[in-house]
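Examination of the molecular architecture
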Amino acid sequence: MLRLVSWNINGIRSPLQGVRCEEPSSCSAMAMGRILDKLDADIVCLQETKVTRDVLTEPLAIIEGYNSYFSFSRNRSGYSGVATFCKDSATPVAAEEGLSGLLSTQNGDVGCYGNMDDFTQEELRALDSEGRALLTQHKICTWEGKEKTLTLINVYCPHADPGKPERLTFKMRFYRLLQIRAEALLAAGSHVIILGDLNTAHRPIDHWDAVNMECFEEDPGRKWMDGLLSNLGCESGSHMGPFIDSYRCFQPKQKGAFTCWSTVSGARHLNYGSRLDYVLGDRTLVIDTFQSSFLLPEVMGSDHCPVGAVLSVSSVPAKQCPPLCTCFLPEFAGTQLKILRFLVHFKQDPVFKQSALQPSNQTQVHMRQNKARVRSTRSRPSKTGSSRGKNLMSYFQPSSSGPQTSNLDLPSLGTLITPKTSEEDVMANVVEGQTKASEAKDEKEIRTSFWKSLLGGPSPMPLCGGHREPCVMRTVKKPGPNLGRHFYMCARPQGPPTDPSSRCNFFLWSRPS
């Protein structure tokens, strides 16, 4: 059996923050290994890793028992990125970054690019510059004993921001390039699986609020998926796309099967999300070898949950990892030049070393003369002023050579004793001290009350209309006239309108302070 898992991890270092370790250098390796063990898959595909090569550490990339492959964003740091971890028993025969082939190294690449004449070189370079695709090619053996080729395309498709129409164009062009590459691999005789975050909920059953969305079926991304996929189920239908949505093949009518939820609104608590993550396989592969397709909503650590599939095939590992493997990166393979390589050990000539250690006869003469001059110029202390031989008591006696001082008239012991005060004076001092303390306390209270009246602190939260519970304050982040304004809304998690335990529609603008 071959088990595949895909997960939009929303930052490969985010699930590691809660892991405590005595040795920070091995903490990342332990945590990443623990995540891979928990997913329990032969091949794990991660999206939105949010790491670039300059911040990728060896404990995060090199995990015992696995070989890993990364694709990084070349434009922005902490953005996008995908990674594939393969068990040593599922080592790929080839690996490649990107869909266009412009990032290929001609050594250990997957190949089969198809007709890309509709794209310019600049457009292809831009589509592959965000680190959104990673291909690994594997040899598999069917239950009949036949060896075949399987290519996995790990993708993190772009999100179409409504406020940025150019991103919708970018997304659709990425979809088109993905389909061209996948169909070219199929035409070359390889089985193909597309898995990852496609950033589109295909059917109304895959979205919590599809009924209230205008023109849901007319979305360009959904139309593209209509053409890519065959009709739901494994049976032949009117439309015969090259790929099948494996989850809907096994669970065609399962409602609430979501993989992504809003973390701001707490929608995961009431399962108020959408299904954006898929495992798509070519028709022959899904019908002949797929045993199951599943979701793992119980796995936390991201705003997405893992998805996966099980195939009734066995992997035939390659004898050596492809060149794209992170173990061959210079910084991890020990071939990167370090500063110590530039520091050469200097070997001295024995003759020169001996001459340097033993100065010549002329040099020794000059050194003796200089020492003699130093001794002659030193001032020698006089015998009269010498302090040698004095004991400790001599320092407490007046010096005979110093000037004589007259005897001081010291006050008698009786004058140093203070006279006794009467009880009336003592009581007066006590009362006066208490009065001053009370006055200082009153003055402190007056100051405290003044600052409390001046800095009254935040006003209490208003109560929502649906549940009469304290609201939460939010800030408008959408560009427009209300950008930066604060408002109050129900603090409960987002959910279906018919669920009384979900968020109500209470809304109130916050008054400016």
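Within every chain, residues take consecutive numbers counted from 1 along the sequence as written. Residue-level local features of this predicted model are given only where pLDDT is at least 70; pairs of side-chain atoms are given and counted only at 80 or more, and the full residue set underlies all totals for whole chains, interfaces and linings. Side-chain numbers come from the whole structure's heavy atoms, not from hydrogens or water.

**Some words on the UniProt feature "site: Important for catalytic activity" (unreviewed entry) in the chain**
Listed under "site: Important for catalytic activity" (unreviewed entry) in the UniProt record, and renumbered for this structure, are Asp277. Runs of H or I in DSSP of at least four residues are treated as helices and runs of E of at least two as strands, each being numbered from the N terminus. Mapped onto the elements, Asp277 comes out in strand β10 (residues 277-282). A 3.5 Å cut-off defines polar contacts: any pair of N or O atoms within that distance qualifies, except that in protein one atom must be a possible hydrogen donor and the other a possible acceptor, and neighbouring residues in sequence count only when both atoms are side-chain atoms. Side chain to side chain, Asp277 and Thr259 meet in a polar contact 2.7 Å long. UniProt positions are given in the numbering used here, feature names are shortened, and annotations may be inferred rather than shown by experiment.

**Looking at a nonpolar patch on the surface**
Side chains of Phe450, Trp451, Leu454 and Leu455 sit close together on the surface and give an oily, nonpolar patch of about 480 Å² of accessible area. Position of Leu455 among the secondary structure elements: in the loop between α11 (423-454) and β14 (472-475). When a residue's accessible area, from a 1.4 Å probe over protein chains only, is under 20% of the maximum for its type it is buried; when over 50% it is exposed; and in between it is partly exposed. The class of Leu455 is exposed, set by a relative accessible area of 60%. Here, patches come from residues exposed beyond 30% relative accessible area and free of salt bridges, joined within 9 Å for like charges and within 5 Å for nonpolar side chains (Val, Leu, Ile, Met, Phe, Trp, Tyr). Shrake-Rupley sampling with a 1.4 Å probe provides the accessible areas, and residues are treated as covered by the protein chains on show and by no other component. Only one rule defines a salt bridge in this text: a Lys or Arg side-chain nitrogen within 4 Å of an Asp or Glu carboxyl oxygen.

**Structural notes on the sheet that holds β14**
Read across the sheet, three strands follow the order β14-β15-β16 without closing on themselves; strand pairing throughout is antiparallel. With partners counted over all chains shown, the strands left at the sheet margins are β14 and β16 (507-509), one partner each. Sheet twist, expressed as the mean angle between neighbouring strand axes with direction ignored, is 30 degrees. For two strands to be treated as a pair, DSSP must find no fewer than two bridges joining them. Strand direction decides the pairing type here: β14 and strand β15 (residues 486-489), joined by four bridges, are antiparallel. Fitted lines through C-alpha atoms give the axes, limited to the stretch in contact for helices. The angle between two N-to-C directions lies from 0 to 180 degrees.

**Digging into the environment of Thr151**
With respect to the helices, strands and loops of the structure, Thr151 is situated in strand β7 (residues 147-156). Considered as a pair, Thr151 and Thr136 are 15 residues apart in the sequence and their alpha carbons are 5.8 Å apart. In this analysis, two residues are considered to be in contact whenever any of their non-hydrogen atoms come within 4.5 Å of each other. In this structure, Thr151 is in contact with Val110, Leu135, Thr136, Gln137, Leu185, Ser190, His191, Val192 and Ile193, ignoring residues within four places of it in sequence. A distance of 2.9 Å separates a polar atom in the side chain of Thr151 from a polar atom in the side chain of Gln137.

**As for empty space enclosed by the protein**
For each structure, a 1 Å grid was placed over the protein atoms alone; sets of points admitting a 1.4 Å probe that cannot get out are labelled cavities, open sets with protein on both sides within 12 Å along at least five of seven lines are labelled pockets, and lining residues have an atom within 4 Å of a point. Grid points are joined across faces, edges and corners, and a volume is the space filled by probe spheres set on the points. Following the criterion strictly, the structure yields one cavity of 30 Å³ or more and no others. One number sums up the size of the largest cavity: a volume of about 40 Å³. Lining the largest cavity are Ser246, Tyr247, Arg275, Asp277, Tyr278, Val279, Ser293, Phe294, Leu295, Val307 and Gly308. Mapped by element, the contributors of at least two residues to the lining of the largest cavity are α6 (246-250), β10, β11 (290-295) and β12 (307-311).

**Some words on the sheet that holds β11**
With mixed pairing, six strands are arranged side by side in an open sheet as β3-β4-β2-β1-β12-β11. Looking along the sheet, the strands with just one partner apiece sit at the ends: β3 (66-71) and β11. Strand-to-strand twist in this sheet, taken as the mean axis angle between neighbours without regard to direction, amounts to 15 degrees. Sheet topology places strand β1 (residues 2-8) next to β12; five bridges connect them, and they run antiparallel. The residue of β12 that forms the bridge with Leu2 is Leu311.

**Examining the packing of aromatic side chains**
Two rings from Phe, Tyr or Trp (for Trp, the six-membered ring) form a pair when their centres sit within 6.5 Å of each other. Planes less than 30 degrees apart are called stacked, planes more than 60 degrees apart edge-to-face, and all others tilted. Applying the stated criterion to the full structure yields seven aromatic pairs. Seen in terms of ring centroids, Tyr175 and Trp224 are 4.1 Å apart; in terms of plane orientation they differ by 0 degrees. Their pairing is stacked. Separated by 49 residues along the polypeptide, Tyr175 in helix α4 (residues 165-187) and Trp224 in helix α5 (residues 220-228) bring together distant segments of the chain. The pair Tyr175 / Trp224 is uniform in exposure class, with both members buried. Three or more aromatic residues link up through ring pairs in this structure, and these residues are Phe70, Phe72 and Phe85. The criterion is that NZ of a Lys, or CZ of an Arg, lies within 6 Å of the ring centre and within 35 degrees of the ring normal, and then a charge sits over that ring. Sitting over the ring of Tyr79, Arg76 keeps its end group 3.9 Å from the ring centre. Arg173 extends its terminal NZ or CZ atom over the ring of Phe119, reaching a point 4.1 Å from the ring centre.

**Let's talk about the side chain of Thr326**
Along the polypeptide, Thr326 turns up in the loop between β13 (314-316) and α8 (330-333). The exposure class assigned to Thr326 is buried, which follows from its relative accessible area of 2%. Leave out the neighbours within four places in its chain, and Thr326 touches Ala61, Ile62, Ser68, Tyr69, Phe70 and Phe332.

**Examining the UniProt feature "active site" (unreviewed entry) in the chain**
In the numbering used here, UniProt assigns the feature "active site" (unreviewed entry) to Tyr156, Asp197 and His304. For this annotated set, covering 149 residues, all C-alpha atoms fall within 12.5 Å of each other, a compact arrangement in space. Looking only at the residues we just named, the largest pocket is lined by Tyr156, Asp197 and His304. Positionally, Tyr156 belongs in strand β7. Leave out the neighbours within four places in its chain, and Tyr156 touches Asn8, Gln47, Glu48, Ser80, Val82, Arg132, Asp197 and Asn199. A polar contact of 3.4 Å, which involves the side chain of Tyr156, links it to the side chain of Glu48. Considering the arrangement of structural elements, one finds His304 in the loop between β11 and β12. On the accessibility criterion, His304 (4% relative accessible area) is buried.

**Side note on the layout of surface pockets**
Approximately 1,500 Å³ is the volume found for the largest pocket. Around the largest pocket, the lining is made up of 40 residues, and of these His159, Ala160, Pro162, His207 and Leu276 lie nearest the centre. Of all elements in the fold, only α4 and α5 reach the threshold of two or more residues within the lining of the largest pocket. Considering every element that reaches the lining of the largest pocket, the biggest residue donor is α4, with three residues. Taken together, the residues of the lining of the largest pocket break down into 15 nonpolar, 13 polar and 12 charged. In this classification, the charged set is Asp, Glu, Lys and Arg, the nonpolar set is Ala, Val, Leu, Ile, Met, Phe, Trp, Tyr, Cys and Pro, and all remaining amino acids, among them Gly, are polar.

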